[in-house]
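# Summary of the model geometry
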Amino acid sequence: MENYKFVPLLGRILIGVPFLMSGLSKLGAHDGTVGYIASVGLPAASLAYIVAVAIEAGGGVLLIAGYRARLVSLVMALFSLATAIFFHNNFGDQNQMIHFLKNVMMAGGLLQITYFGAGAWSLDARAANTAARKPALRTN
């Protein structure tokens, strides 16, 4: 397995990049995104817009870097489930059903990261290695 330490990084990239792209695209479409959020009946659409951009763009970057990956992936998994429920709940429309299932699958992959962590090639692993190398302070 030593030869496959790159696999968690690849997984984080494959999940993180679409989130990052989605968050950045929302920055270029503020009015349309806020209108869409309001159209499904969610309160505080402007605040929801800010939260969505922060989770998608910010979470995407943090996930790719592997920084605080367990917490970040849990937040992103909950966000994916919430967007599935609120925005893709018209199961009579096959396209919406596909988007619902896509969000559920993304949540599943993110929960794998929540449980297993970011892997060897991550800022989390680097921080853990640095902390393990520091000598313990003695108190007499």
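The text that follows walks through the structure, step by step, so that each part is easy to find. Predicted model, so just to flag it, every value in this text is computed and none were measured.

### Quick notes on the packing of helix 1 (residues 7-27) against helix 5 (residues 94-116)
Two quantities define a packed helix pair, namely the angle between the axes and the distance from one axis to the other. The contact between helix 1 and helix 5 brings their axes to 11 Å, and the two run at 125°. Accordingly, the angle class assigned to the pair helix 1 and helix 5 is oblique. In this structure, helix 1 crosses over helix 5, and the sense of that crossing is left-handed. In this structure, helix 1 contributes Arg 12, Ile 15 and Phe 19 to the contact, and helix 5 contributes Met 106, Gly 109, Leu 110 and Ile 113. Each residue belonging to the contact of helix 1 with helix 5 can be placed in one class, and the counts come to 5 nonpolar, 1 polar and 1 charged.

### Digging into a nonpolar patch on the surface
Taken together, the side chains of Tyr 36, Val 40, Leu 74, Leu 78, Leu 81, Ile 85, Phe 86, Val 104 and Leu 111 define a hydrophobic patch exposed on the protein surface, amounting to about 740 Å² of accessible area. Every element with two or more residues in the nonpolar patch is listed here: helix 4 (69-87) and helix 5. Per element, the largest residue contribution to the nonpolar patch is 5 residues, and it comes from helix 4. Assignment of secondary structure puts Tyr 36 in helix 2 (residues 30-39). Classification of Tyr 36 as partly exposed rests on a relative accessible area of 41%.

Conventions and cut-offs
Residues numbered from 1 in each chain as written. Predicted model: local features only at pLDDT ≥ 70, side-chain atom pairs only at ≥ 80, totals over all residues. Heavy atoms only, no water. Axes fitted to C-alpha atoms, helices over the stretch in contact; angles between N-to-C directions. Helix = DSSP H or I, 4+ residues; strand = E, 2+ residues; numbered from the N terminus. Parallel < 35°, antiparallel > 145°, perpendicular 65-115°, else oblique. Left-handed = near helix turned anticlockwise from the far one by under 90°. Contact = heavy atoms within 4.5 Å. Nonpolar A, V, L, I, M, F, W, Y, C, P; charged D, E, K, R; others polar. Patch = residues over 30% accessible without salt bridge, like charges linked within 9 Å, V, L, I, M, F, W, Y side chains within 5 Å. Areas by Shrake-Rupley, 256 points an atom, 1.4 Å probe, with all protein chains shown as cover. Salt bridge = Lys/Arg side-chain N within 4 Å of Asp/Glu carboxyl O. Buried < 20%, exposed > 50% of the residue type's maximum accessible area, 1.4 Å probe, protein only.

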